[in-house]
Amino acid sequence: MNEDKVYEIIQRWRDTPEEDLKPEDYQRFKDIGAACLSGGDSEQLLKFVQDEKNQGIVKSMGCGLLAPLVDEVLRNEKSHDHCQAAITQLTKICSPRNLLESIFELTEAIDPGAISDTTLAILPHLQRVLLQLDENQAACVGLALSALQTQLSRLPVPYTQQQEEADEHGLCRCCIALAVFTEPFIERLKEMDEKCKSTTEDDELKAEILKFCMRSLKEPLLEAELNQDRKSTLWLFAVEIMVILPAIKESLSGLLFFSSLRKFPIMDISLTKDSIACLAYLLFVQLITIDSFPAVFNPVFVLQCNMEHINQLLSSKKESYLLKALALFAKSLEKVEDNSLPVGLLDLMSFYSAPQNLRQVLTDCPIKHLRESGLKVFQLFINKLDAEGKHKFFRCMLKTSHHAGIDSYIVKNIRDQIQLAIKCNANKWFLGMELLPLLELVLSLPQGAETDLLTNMDKIMESLNLLRYLLMQDKELRSNPGLWEELSRIKDEYLKMLRVCISMSRAYYSAEMKALKEDQKLKAKKAREHARSTRLVKAITVKPNKVDHMSPEVQYQVLQSALVTFDLMESLIVRIDEITEEKLGKLH
């Protein structure tokens, strides 16, 4: 289209009232502006929108230029200043409502590869438009923040220091820009609160800012690696969020402990739980704004409240969530005195669920450092329970863990508590008749004579060592009427069943070794496969592989190792019998 034709069209628009403009006029105006930009004439377009004679046209149809101008900002650095000035001019002339609609359309249609650049380009102009609104400002602020955060949630969260410093996808820059974006709205709330002139609109704005903070706590902060020793961009963003909350009169203690979020039922429950859990982590682990947190709360009360948040994070499979859960769990326990947590807390659902979820981390998590950290927290939790609490916790774990490694760790802790009780001579839970229910659980085989000794080896060996230790403490145990007799009964029943189990397992594994040797002598492949397919060895499970997936040499080593394990168990049983006879001899 030549310049004369364009001038003629523009002149017609100048003389046409806004109500007489047609949809094709709006589209042509947009096309002319886009063509001007694609031709490298951004300066000419800027002069056009600034020209006093064109203010009527720009006011009526200028919103259509927003998308082409933003595209040009992202595409051509040389045109950046002219296009930004043109957008600023549009925000001064066009209807804020129409501009908002155009910005929302632009936000919804953001190219996945340009999310951060587009966000950074439009945020200052969006802020200016929102501040011009006379009504429904709070709702529009909420829609804008939600739309932008929805787009930013598509960006990967940098997890390492190198990734955050590079900020390849621009998420960190956008987070800081969002915090700056909210500043004038927060200032308005503070001013109105100081003047005691808060309106319903202000309450709605406060709710929208709170939702922004909650969304930010979950994404990206809950997934980010934060360290107070390294003031990274996301750490500074976390500080901003923690400062905003009290600025809008949201008490941190109220959010954490008293569920003040229930005032806002439109917020997603799972979002709220994750966000509050992250809030607890930032406060108690990263110590952000901890100086302004009330110091009146008892450490046990803080732990009790935090257990809900710890359990929420532990129920996740994400590494970042689990790291924060373990750190928050440890920090919440550190200020609690050893042996002080009352047994009644274990009746609370969170005090049951959190240790169970922690147990799953110990047994199922493939990440080594998480398992190691989890074990330290697991022991720390045990240390904080009082004697009755430990007794109840051990019983619960032995009944529910179904994992030999966890069971053996619990048995080791039981032995430690018995040693302590003997030393102090003042603990009925581990030196009286109350000890017997624990021993019944410890000195038992889950499937009787058919128990898989290799799978349960850790617990069995630790249980035999505990039994040997108990027999050597006969003097202390005999002083409790009935305890020694019941211990002897439990011991006899356990060892009898264990001997049968060892005998059956030894016979089975010996037969398998013999069969394996014979199998190796067969030269024909078909004959070997037929022989192997009819034997039960294929069903033997040896973690993490099955025997039938191993070479014959490795199978032989596994079977030999099993027999050595049975020898070790039998040697412990023999030693226990010897101690029993020695004690009986001394007694007579």
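Residues numbered from 1 in each chain as written. Predicted model: local features only at pLDDT ≥ 70, side-chain atom pairs only at ≥ 80, totals over all residues. Heavy atoms only, no water.

Within an unreviewed UniProt entry, the label attached to the protein reads Glomulin, and the organism entered is Ilyodon furcidens.

1. Here's the deal with the overall build of the protein
For the protein, the helix and strand inventory stands at 28 helices and two strands. If one aligns the C-alpha atoms of the protein with their principal axes, the spans along those axes are about 120 × 75 × 35 Å. In the protein, which comprises 588 residues, the proportion classed as buried is 50%. Counting only contacts in the protein whose residues sit at least 6 apart along the sequence, the fraction spanning at least 24 positions is 74%. With an accessible surface of roughly 29,300 Å², the protein has 51% of that area assigned to carbon and sulfur atoms. (Helix = DSSP H or I, 4+ residues; strand = E, 2+ residues; numbered from the N terminus. Buried < 20%, exposed > 50% of the residue type's maximum accessible area, 1.4 Å probe, protein only. Contact = heavy atoms within 4.5 Å. Areas by Shrake-Rupley, 256 points an atom, 1.4 Å probe, with all protein chains shown as cover.)

2. Considerations on the pattern of salt bridges
What the rule picks out here adds up to 25 salt bridges. Glu 250 is the partner of Lys 206 in a salt bridge, and the nearest nitrogen-oxygen pair spans 3.9 Å. Here Glu 250 lies in the loop between α13 (233-247) and α14 (252-257) and Lys 206 lies in helix α12 (residues 200-218), a separation of 44 residues in the sequence. A salt bridge links Lys 368 to Glu 372; the shortest N-O distance between them is 3.9 Å. Taken together, the residues Lys 368 and Glu 372, both in helix α19 (residues 368-384) and four residues apart, mark about one turn of the helix. Look at Glu 372 and you get partly exposed, because its relative accessible area is 42%. Beyond isolated ion pairs, a larger network of salt bridges with shared partners links Glu 440, Glu 486, Arg 489 and Glu 493. (Salt bridge = Lys/Arg side-chain N within 4 Å of Asp/Glu carboxyl O.)

3. A look at the state of the cysteines
According to the stated counting rule, one finds zero disulfides in the structure shown. Lacking any disulfide linkage, Cys 213 is separated from the closest cysteine sulfur, that of Cys 278, by 12 Å. (Disulfide = S-S within 2.5 Å.)

4. What to know about the packing of helix α11 (residues 171-194) against α12
Put simply, α11 and α12 touch, their axes get as near as 10 Å, and they point 145° apart. Regarding α11 and α12, the two cross each other, and that crossing is left-handed. Of the residues in α12, those touching α11 at Leu 178, Thr 182, Phe 185, Ile 186, Arg 188, Leu 189 and Met 192 are Glu 201, Asp 202, Leu 205, Lys 206, Ile 209 and Phe 212. Residue composition of the contact of α11 with α12, grouped by class: eight nonpolar, one polar and four charged. (Axes fitted to C-alpha atoms, helices over the stretch in contact; angles between N-to-C directions. Left-handed = near helix turned anticlockwise from the far one by under 90°. Nonpolar A, V, L, I, M, F, W, Y, C, P; charged D, E, K, R; others polar.)

5. A closer look at the packing of aromatic side chains
Given two aromatic rings, one states the distance between the centres and the angle between the planes to describe the pair. Applying the stated criterion to the full structure yields 18 aromatic pairs. On the basis of an interplanar angle of 55° and a centroid distance of 5.8 Å, the ring pair of Phe 378 and Phe 393 is categorised as tilted. On the criterion of sequence distance, the pair formed by Phe 378 in helix α19 and Phe 393 in helix α20 (residues 387-400) is long-range, its members being 15 residues apart. The burial state of Phe 378 is the same as that of Phe 393; both residues are buried. Plain terms: the ring middles of Phe 393 and Phe 394 are 6.5 Å apart, the flat faces sit at 55° to each other, and that makes the pair tilted. When its relative accessible area of 4% is taken as the criterion, Phe 393 is described as buried. Look at Phe 394 and you get buried, because its relative accessible area is 0%. Among the aromatic side chains, those forming a connected cluster through ring pairs are Phe 329, Phe 351, Phe 378, Phe 381, Phe 393, Phe 394, Tyr 409 and Phe 430. Cation over ring: Lys 324 sits above Tyr 281, and NZ or CZ is 5.3 Å from the ring centre. (Phe/Tyr/Trp six-rings, centres within 6.5 Å; stacked < 30°, edge-to-face > 60°. Lys NZ or Arg CZ within 6 Å of the ring centre and 35° of its normal.)

6. As for the nonpolar core
Burial of nonpolar side chains together is a common tendency in soluble globular proteins. By size, the foremost hydrophobic cluster in this structure holds 181 residues, and its most contacted members are Leu 130, Ile 209, Leu 282, Leu 314, Phe 329 and Phe 381. Element by element, the count of residues in this core is highest for helix α26 (residues 483-521), at twelve residues. The contact partners of Ile 209, leaving out residues within four places of it in the chain, are Leu 145, Thr 182, Phe 185, Ile 186, Leu 189, Ile 244 and Ile 248. (Core = buried A, V, L, I, M, F, W, Y, C linked by side-chain atoms within 4.5 Å.)

7. Overview of α13
Over its 15 residues, α13 extends 21 Å from the first C-alpha to the last, a length consistent with the 21 Å expected when each residue adds 1.5 Å. Among all positions of α13, only Leu 234, Trp 235, Phe 237, Ala 238, Ile 241, Met 242, Ile 244, Leu 245 and Ala 247 are buried. Downstream of α13 by a residue or two, Lys 249 has a phi angle that is positive, lying close to 65°. (Expected span 1.5 Å × (residues − 1).)

8. Details of the environment of Gln 161
Looking at where Gln 161 falls in the secondary structure, it is placed in helix α10 (residues 161-166). For the pair Gln 161 and Ser 232, spaced 71 residues apart in sequence, the C-alpha to C-alpha distance is 8.0 Å. If near-sequence neighbours (up to four positions away) are discounted, Gln 161 is found in contact with Glu 225 and Arg 230.

9. Brief notes about the environment of Leu 21
By secondary structure assignment, the location of Leu 21 is in the loop between α1 (3-14) and α2 (23-38). Taking the C-alpha atoms as reference points, Leu 21 and Lys 392, separated by 371 residues in sequence, lie 79 Å from one another. With residues up to four places along the chain from it excluded, the contact list for Leu 21 reads Trp 13, Thr 16, Tyr 26, Ser 60 and Met 61.

10. Brief notes about helix α6 (residues 80-93)
The periodicity of an α-helix, 3.6 residues per turn, causes residues three or four positions apart to be oriented the same way. For α6, with 14 residues, the first-to-last C-alpha span of 20 Å sits near the 20 Å given by 1.5 Å per residue. Residues of α6 that are buried include every one of Cys 83, Gln 84, Ala 86, Ile 87, Thr 88, Gln 89, Leu 90, Thr 91 and Ile 93, and no others.

11. Regarding the side chain of Gln 55
With respect to the helices and strands, the residue Gln 55 is situated in helix α4 (residues 55-61). Residue class for Gln 55 comes out buried when judged on its relative accessible area of 16%. At 2.6 Å, the side chain of Gln 55 and the backbone oxygen of Asp 51 are in polar contact. Those residues within four positions of Gln 55 in sequence are excluded, and the remaining contacts are Val 49, Gln 50, Gln 89 and Ile 93. (Polar contact = N/O pair within 3.5 Å; in protein donor to acceptor, adjacent residues only side chain to side chain.)

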